[in-house]
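Listed below are the residues making up each chain.
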Amino acid sequence: MRSVYRLLLLLYPASFRRRYELELIEAFDDARVEPRYRGIAGAALLWRYLLADLGTASIRQRWRLTREWIRQRTGGGLPHVPSQPRRSFMETFVQDVRYALRQFTRRPGFTAIAVISLALGIGGTSLIYGLMDGFVFNPFPYPDADRLAAIGGTFPRVSSDTTYVEALSTPEYADIKRSRSFSSLAAFDLGNRNISGGDVPERVFTALLLDDLFPVIGMAPHLGRGFTAEELAPNGPPAAIISHRLWQSRFGGDPAILNRAIRIGGATASVVGVMPPGLIVIGTDLWVPWGADPARMPRDTRQFTVLARLAPGASIGSANAELATIAGQVQQAEMAQFKEYEGWRLTATPWAAALLQDVRPAAFVLLAAVGFVLIIACANLANLMLARATTRHRELAVRLALGAARSRIARQLLTESLLLGLAGAAAGLVLAHVGLQFADALIPAQFTMLNLQAGVNGRVLAWTSVMGILAGLLVALLPAIQATRTDPHDSLKSDGRAGHGRSGVRMRSALIVAEIALSVVLLLGAGLLLRSVMKMQGAELGFEPHGVATMRLTLPQQKYPSGEAITVFFEDLIRRTQAIPGVTAAATVSQFPPMEFFSSRIEIAGADASGATLPTANTTIASRGYFQAVQIPLLRGRLFAESDAPGGPAQVLINSTFASRYLTGKDPIGARMRIIARGGPGPWAEIIGVVGDARNNGAAAVVRPEAYIAMEQGRDAWNQLFLIVRSTQDASTLIPAVRAAVASIDPEQPVYNIQTMEEAIAQSAFQQRISAMLLGIFAATALVLAAVGIYGVMSYSVSARTQEIGVRMAIGAERSDVLRLVLLQVFRLVAIGLVIGIGLLMAAGKAISGLLYGVTPSDPVTIGMVTLTLGAVALVAGWVPARRASRVNPIQALRYE
Amino acid sequence: MRRTPRDEAPKALSQPVVHILLALADGARHGYAIKQAVEERTQGAVRLGPGTLYEAIQRLQDDGRIEETAARGEEPSNGQHAQRRYYALTDQGWDVLRDELQRLDAIVAHARANPKLRKGLV
């Protein structure tokens, strides 16, 4: 960090630097230990502040010096020097561009390599930036999308997470509405609804609205109108608004759709509007008023997502301050009855960030990674330019001797590399455009559902141009410094090799070390992610996914109004599925691992409820055969039996984490617990058995306590369950027979979300897999670039040392000695780069550790593999120049002397 | 090369410069202590980045308003002072600061005379 700052101080004029450099660095050290600059966020703050300061101060300084210099030249008593006719800025610029283009055409190979490597680097950053722009920064087509906030609740007594999707109750929504920080608010519940009346029944992801959502997101219907106040009121006339894609796919884009009646979940509603294409809210395709009276909903039935638009003059910060006050008032008034309000918080967060908070860490890691690739590409190009600057040394020396200003020559070099940067940016933009076409393949299913679009837009274009210019500046920096240091006396006297060549090699070696260090960071990152994916796949799941197919059914409430009707349907379905040849077990369940589970508050009989957190558990409704179907072992007691009839005493099974967390030191069998949900506690249920832990919180997370409720007992009947089918054959070949079984009970009943359990598990590790793949590609690119860099520097160094090697051989060095000499030099660079790279990754360990599973950033296996890979690549890259050195003919080498 | 102090009518001093001079009026300080004193006094409203700070110090030094001194002001909390350079006001620096404060005082006095502004000032 400090060395970076020291390097940046080069921006200041030398006179200033000489006087204050030490003190500036001390000031930097002092600032770094200030509390507000601690941690990663603090470091970012510090750098923003330092860079702004550095930028303005250095420009002012240089401007002052320039003014003084001009004053001296114009007013000073120096003898008149005949100068070239003054050229305007534009004339000079055009001249420089012409000269640069001539240089490029004279060396097409150099130009091609330069443009291609920059295009790879810039194109990569533009691709990732484009993805982030489409999926993370600006995912919505709404006007002023950044003024849209999600409001979520955190209940520390229940859990420490803040949920922004489906987390608040209608009374809490009414509390939030008291706030004056928002100009409009809406809340919605999410659910799936079956639409029928066409050829096949279809299940549609639906938002049930409390207040009008469309003015909040700022979008008007494409056809028809929004909801009226009457329609939004409890028990108003049934109305529906559909998405553009549903309109196209199901109704063939029929313009006569308005006022047509469609059947939603068995009831009839009239279509009043069609929304424009694009993402409206979390991939929902159907919007209907919620219908019931919100005033009659209990405080602890939390099923609503609250969206709000910030009022003019309000900010997320001011809104949060007001929400904190409201939460405090609610806590005072309601805590006696609802314990979860103790210390609860309401927070507003930008909607895009709330929705996509899970992918942000991976996205930033990838953007940083691809930035490294770009820096490596720039370092490589700077290396090529330095090599060229050395061969152009005499030309520059002659120009200096003839009176060219050093600034003029630096400007010439800068123009050249800026042109290269812009050419690279143009080519990179094409690459990014092509890459973004395949963006859908790069993103997980849950995001294709969101209907997000990524493509080249104005922001991506601006980003790419900025990257091109930055790359050009970065490339020009070292060659320009070197060129302007040229002393025409020395250069014209010598043959351009001795002396100057040495400092050139040093500068270029430093670049190589930097390239290697960054490659090491990328290789380590890719390696760690790969190991995480492997560990995840090999992780003990607690159940056997192989040979299991899963699918989802949602029974319409109108058709199956009672828990009994629902249970009868599912029991019948299980029987018919089990009869299919090849099926060894069938069961239904409300959620299955490794998906993230629905959880409820629970109460355990005789337990002290005054603890810091109220106990919660995943509550799963499972049919009797579920444990056999997914092979979750029974550890103690017994499973559900046929004798556990509806109406009998309530019974539950728990997993072993439940037993160890909530029933320590007690016999779990026979203990009693109850679920607190939907307005009050359920009946007391007896724990009859303990089953093994299944990964019920995602494949990479710790297992949560879980309680299983028998579906057959008919309590808490859910109309939306998964059918789990285990078979001896390929699970997917069974699907037609299962569909037929469903249709034989109810031909109108759709089946959806069909996937094998193994697919579901692979999907849950998606983020790690895709990050590992992309990082792997970046790391490979970085490695190739670094290898080219090593080759270039070593070749140059060998040719600069030809005479020295000749002398060594003339006085008796063997070819193998020379080979070793050169290779040792390569390995020294690699070793330094390796150490720096490992250090960098450790320092950045926090950023990546969230993506890791079962490995730490200092994983010795990964470090070992990276060391070996890098060593092998360096050996290959260094071998050719080393061999060339060992083949030097001493007689020829010395003849040039 | 050294800048020669220009013989111009005294111009208004820039805000960072006033604050630096004020900080040094309390006693000799090293660079970072000046920055901290200024931030403390203004409650963070005036923030001097290292570049801005030393740029101003360079100017003030070149113009003869402050000078390096062997005298130590207050001991820095972390005890690192071996290499630090301490700056103190020169006589000229005191004069300039007094002039500036008089100038500001005159402005405020003038403003106080205006009844519409008085409420915000008193």
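This one's a predicted model, so the numbers in the text were calculated from it and none came from an experiment.

Residues and elements named next belong to chain A. Counting residues in each nonpolar core, the largest one holds 73 residues, and the members touching the most others are Ile128, Val520, Leu775, Phe778, Ile790 and Leu870. The greatest single-element share of this core, amounting to 15 residues, is contributed by helix α25 (residues 766–800). If we skip the residues at most four places from it in the chain, Leu870 touches Ile516, Val520, Leu523, Leu783, Val830 and Leu834. If you look at the next biggest cluster of nonpolar residues, it comprises 43 residues, including Phe155, Phe182, Ala314 and Ala327.

On to the side chain of Glu172 of chain A. Residue and element names in this part refer to chain A. Positionally, Glu172 belongs in helix α6 (residues 170–177). By relative accessible area, Glu172 is classed as buried at 0%. At 2.9 Å, the side chain of Glu172 and the backbone nitrogen of Ser169 are in polar contact. Apart from the residues within four sequence positions on either side, Glu172 is in contact with Phe155, Ala167, Arg299, Arg302, Tyr341 and Trp344.

Within the fold, Lys35 of chain B resides in helix α2 (residues 31–41). Excluding anything up to four places from it in sequence, Lys35 of chain B contacts Glu34, Arg36 and Tyr49 of chain A together with Leu48 and Leu53 of chain B.

What follows concerns the sheet that holds strand β2 (residues 66–69) of chain B. All names here are of chain B. The 3 strands lie next to each other as β1-β3-β2, forming an open sheet whose pairing is antiparallel. Of all the strands in the sheet, just β1 (29–30) and β2 have a single pairing partner and so form its edges. As defined by bridge partners, β1 adjoins strand β3 (residues 86–89) across 2 bridges and the pair is classed as antiparallel. Bridge pairing links Arg29 to Tyr87 in β3.

What follows covers the interface of chain A and chain B. Between chain A and chain B, the residue contacts involve 24 residues of the former and 24 residues of the latter. Of the roughly 2,400 Å² buried at the junction of chain A and chain B (both faces included), carbon and sulfur atoms supply 39%. When the buried surface of chain A facing chain B is broken down by residue, Arg19, Glu23 and Arg64 of chain A rank first, second and third, together holding 25% of it. Counting every contact that joins chain A to chain B gives 4 salt bridges. Residue Arg85 of chain B pairs with Glu23 of chain A through a salt bridge whose shortest N-O separation is 2.8 Å. At the boundary of chain A with chain B, the tally comes to 17 residue pairs in polar contact (both at pLDDT 80 or more). Residues of the side of chain A that touches chain B, tallied by class, amount to 12 nonpolar, 2 polar and 10 charged.

All names here are of chain A. The backbone of Asp211 sits at a positive phi, close to 75°, despite the residue not being glycine. Inspection of the secondary structure assignment puts Asp211 in the loop between β4 (202–210) and α7 (213–217). The exposure class of Asp211 is partly exposed, given its relative accessible area of 27%. The backbone of Gln631 shows a phi angle near 60°, a positive value even though the residue is not glycine.

Moving on, we come to the packing of aromatic side chains. According to the stated counting rule, one finds 23 aromatic pairs over all chains in the structure shown. For the ring pair Phe592 of chain A and Phe722 of chain A, a centre distance of 5.1 Å and an interplane angle of 90° mean the geometry is edge-to-face. Linking Phe592 of chain A in the loop between β13 (583–589) and β14 (599–604) with Phe722 of chain A in strand β22 (residues 720–727), this pair joins segments that are 130 residues apart in sequence. Judged by relative accessible area, Phe722 of chain A falls into the buried class, the value being 6%. When the ring of Phe627 of chain A is compared with that of Phe640 of chain A, the centres are 6.3 Å apart and the planes differ by 55°; the resulting orientation is tilted. Of this pair, Phe627 of chain A sits in helix α21 (residues 626–630) while Phe640 of chain A sits in the loop between β16 (634–637) and β17 (651–655), and the two are 13 residues apart along the sequence. Clustering of aromatic rings is evident, with ring pairs tying together Tyr12, Phe16 and Tyr20 of chain A together with Tyr54 of chain B.

Take helix α10 (residues 316–334) of chain A next. All names here are of chain A. The end-to-end C-alpha distance of α10 is 26 Å, a good match for the 27 Å that 19 residues give at a rise of 1.5 Å each. Those residues of α10 lying buried are Ala319, Leu323, Ile326, Ala327, Val330 and Glu334. The buried residues of α10 occupy one face: seen down the axis, they fall within an arc of 105°.

The periodicity of an α-helix, 3.6 residues per turn, causes residues three or four places apart in sequence to face the same way. All names here are of chain A. When helix α24 (residues 757–764) is considered as a whole, its buried residues turn out to be Met757, Ala760 and Ile761. The buried residues of α24 occupy an angular sector of 100° when the element is viewed end-on, so they sit on one face. Residues of α24 that are buried in the fold lie against β12 (548–554), α21 and β23 (752–756).

It is worth spelling out a nonpolar patch on the surface at this point. Residues and elements named next belong to chain A. Taken together, the side chains of Leu422, Val466, Ile469, Leu470 and Leu473 present a nonpolar region at the surface, about 410 Å² in accessible area. A total of 4 residues in the nonpolar patch trace back to one element, the largest contributor, which is helix α17 (residues 458–485). Within the element layout of this structure, Leu470 appears in helix α17.

Residue and element names in this part refer to chain A. Across the 6 residues that make up strand β10 (residues 305–310), a large majority, 6, are buried. Burial along β10 is two-sided: Thr305, Leu307 and Arg309 and Val306, Ala308 and Leu310, pointing in opposite directions, are all buried. Here strand β1 (residues 148–154) runs beside β10; their pairing, made up of 4 bridges, is antiparallel. Residue pairing across strands places Ile151 opposite Val306, the latter belonging to β10.

Another point: the confidence of the model for chain B. As a general rule, the predicted coordinates of low-pLDDT regions are not to be interpreted in detail. All names here are of chain B. Predicted confidence across chain B gives a mean pLDDT of 77, with 76% of residues reaching 70 or more. Taken element by element, chain B is modelled with least confidence in helix α5 (residues 115–121), mean pLDDT 66, and with most confidence in helix α1 (residues 15–25), mean pLDDT 89. Overall, residues 1–9 carries pLDDT values under 50, and its contacts beyond four positions in sequence, including any with other chains, amount to 10 contacts. Overall, residues 76–81 carries pLDDT values under 50, and its contacts beyond four positions in sequence, including any with other chains, amount to 9 contacts. Scoring the predicted complex yields pTM 0.61 and, for the interface, ipTM 0.76.

Attention now moves to the packing of helix α27 (residues 815–843) of chain A against helix α29 (residues 860–886) of chain A. All names here are of chain A. Between α27 and α29, the least distance of the axes is 8 Å, while the angle of their chain directions is 150°. Compared by their axis directions, α27 and α29 come out roughly antiparallel. By crossing handedness, the relation of α27 to α29 is classed as right-handed. Between α27, through Arg815, Val818, Leu819, Val822, Leu823, Val826, Phe827, Val830, Leu834, Ile838 and Met842, and α29, the contact on the second element is made entirely by Ile863, Thr867, Leu870, Gly871, Ala874, Leu875, Gly878, Trp879, Ala882, Arg883, Ala885 and Ser886. For the contact of α27 with α29, the residue count by class is 17 nonpolar, 4 polar and 2 charged.

Quick look at empty space enclosed by the protein now. All names here are of chain A. Tallying each qualifying case throughout the model produces 5 cavities of 30 Å³ or more. Taken as a whole, the largest cavity holds about 50 Å³ of empty space. Around the largest cavity, the lining residues are Ile516, Leu783, Ala786, Ala787, Ile790, Val830, Leu870, Val873 and Ala874. Of all the secondary structure elements, the ones that give two or more residues to the lining of the largest cavity are α25 and α29. Per-element tally for the lining of the largest cavity: the top contributor is α25, with 4 residues. When the residues that make up the lining of the largest cavity are grouped by side-chain class, the tally is 9 nonpolar, no polar and no charged.

Applying the stated criterion across every chain, the model contains 31 salt bridges over all chains. We note a salt bridge from Arg19 of chain A to Asp62 of chain B, for which the minimum N-O separation is 3.2 Å. Residue Arg19 of chain A is located in helix α2 (residues 14–32), and its partner Asp62 of chain B is located in helix α3 (residues 50–62); the two belong to separate chains. On the basis of relative accessible area, Arg19 of chain A is assigned to the partly exposed category, the value being 26%. The exposure class of Asp62 of chain B is buried, given its relative accessible area of 8%.

Right, let's get into the environment of Pro890 of chain A. All names here are of chain A. Mapping Pro890 onto the fold places it in helix α30 (residues 890–895). On the accessibility criterion, Pro890 (22% relative accessible area) is partly exposed. Distance in space between the C-alpha atoms of Pro890 and Val807 is 6.7 Å, their sequence separation being 83 residues. When sequence neighbours within four positions are dropped, the list of residues in contact with Pro890 reads Gly806, Met809 and Ala810.

What follows covers the confidence of the model for chain A. Residues and elements named next belong to chain A. Chain-level pLDDT for chain A is 81 on average; 89% of the residues reach the 70-or-more range. Confidence drops under pLDDT 50 across residues 76–83; counting only partners more than four residues distant or on other chains, this segment forms 2 contacts. With pLDDT under 50 throughout, residues 496–500 is counted as low confidence; its partners more than four residues away or in other chains account for 7 contacts.

The rules we used
- Residues numbered from 1 in each chain as written.
- Chains lettered and ligands numbered in written order.
- Predicted model: local features only at pLDDT ≥ 70, side-chain atom pairs only at ≥ 80, totals over all residues.
- Heavy atoms only, no water.
- Core = buried A, V, L, I, M, F, W, Y, C linked by side-chain atoms within 4.5 Å.
- Buried < 20%, exposed > 50% of the residue type's maximum accessible area, 1.4 Å probe, protein only.
- Helix = DSSP H or I, 4+ residues; strand = E, 2+ residues; numbered from the N terminus.
- Contact = heavy atoms within 4.5 Å.
- Polar contact = N/O pair within 3.5 Å; in protein donor to acceptor, adjacent residues only side chain to side chain.
- Pairing = 2+ DSSP bridges.
- Buried area = accessible area lost by both parts, 1.4 Å probe.
- Salt bridge = Lys/Arg side-chain N within 4 Å of Asp/Glu carboxyl O.
- Nonpolar A, V, L, I, M, F, W, Y, C, P; charged D, E, K, R; others polar.
- Phe/Tyr/Trp six-rings, centres within 6.5 Å; stacked < 30°, edge-to-face > 60°.
- Expected span 1.5 Å × (residues − 1).
- Arc of directions from axis to C-beta.
- Patch = residues over 30% accessible without salt bridge, like charges linked within 9 Å, V, L, I, M, F, W, Y side chains within 5 Å.
- Areas by Shrake-Rupley, 256 points an atom, 1.4 Å probe, with all protein chains shown as cover.
- pLDDT = per-residue confidence, 0-100.
- Axes fitted to C-alpha atoms, helices over the stretch in contact; angles between N-to-C directions.
- Parallel < 35°, antiparallel > 145°, perpendicular 65-115°, else oblique.
- Left-handed = near helix turned anticlockwise from the far one by under 90°.
- 1 Å grid on protein atoms, 1.4 Å probe; cavity = no way out; pocket = protein on both sides within 12 Å on 5 of 7 lines; lining within 4 Å.
- Points joined across faces, edges and corners; volume = space filled by probe spheres on them.

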